[in-house]
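Now for the letters of each chain:
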Amino acid sequence: MMEKRVAVIPYLSFNGNCEEAVNVYMAAFGGEIIYMSRWEQQNCGNPQQFGKVMHVEFVLGSTPMGAGDNFDFCGGNIPVRLMVHMSSMEEARRAIDTLAQDGGAVLSPLRPHPAPDDGGCGSMTRDRFGYFWIVTCPNPDKQ
């Protein structure tokens, strides 16, 4: 059993209209954008992504949310993922290993995010039940 509680954050995926969707949701429910980064030429290989949302964290009412324009990341559009911020690389690896057991799969190994989000690391894992998890932690090389 873990000693501290983590927040599981719904993560929405879009194919180019993430910013528009987040603005609609905030107009409907109220909220605040906490952080937003964009795809740039140096951090992606698809010109269609340039200027689109790489990652946004926002609050709708009292619910923390995340989203991004994924453009077919990890073999298909996955409309909803679950994101968890861990406080260390060791905690993140333990969570990823646990999720990947018994038929789960690590789709993207834990590694630093591209700039400008390179202060953190992330991994995508599918659990044995079919859910997709984004597990993140601080990048120890940027601390």
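Scroll up for the structure.
Peer 1: Just checking my understanding: could you explain the side chain of H55 for this structure?
Peer 2: When you line up the elements, H55 lands in strand β3 (residues 53–60). By relative accessible area, which is 13% here, H55 ends up buried. Within polar-contact distance, the side chain of H55 engages the side chain of Y11 at 3.1 Å.

Peer 1: Any chance you could explain the sheet that holds strand β1 (residues 8–14) here in plain terms?
Peer 2: Spatially, β2-β3-β4-β1-β5-β8-β7-β6 is the arrangement adopted by the 8 strands of the open sheet, whose pairing is mixed. In this open sheet, the two strands that pair with only one neighbour each are β2 (31–38) and β6 (105–112). Along the sheet, successive strands turn relative to each other by an average axial angle of 20°, direction set aside. As judged from the 5 bridges shared by β3 and strand β4 (residues 63–69), these two strands associate in the antiparallel manner. When the bridges of β4 are listed, F58 appears paired with M65. Each of β1, β2, β3 and β4 touches helix α1 (residues 18–29); the most contacted strand, β3, lies at about 5° to it. Contacts between helix α2 (residues 89–100) and the sheet are confined to β6, β7 (120–126) and β8 (132–138), with β8 contributing the most and set at about 165° to the helix.

Peer 1: Teacher, can you tell me more about the environment of L107 here?
Peer 2: Here L107 shows up in strand β6. L107 gets classed as partly exposed once you look at its relative accessible area, which sits at 32%. Sequence separation between L107 and V24 is 83 residues, and the spatial gap between their C-alpha atoms is 31 Å.

Rules of the game
Residues numbered from 1 in each chain as written. Predicted model: local features only at pLDDT ≥ 70, side-chain atom pairs only at ≥ 80, totals over all residues. Heavy atoms only, no water. Helix = DSSP H or I, 4+ residues; strand = E, 2+ residues; numbered from the N terminus. Buried < 20%, exposed > 50% of the residue type's maximum accessible area, 1.4 Å probe, protein only. Polar contact = N/O pair within 3.5 Å; in protein donor to acceptor, adjacent residues only side chain to side chain. Pairing = 2+ DSSP bridges. Axes fitted to C-alpha atoms, helices over the stretch in contact; angles between N-to-C directions. Contact = heavy atoms within 4.5 Å.

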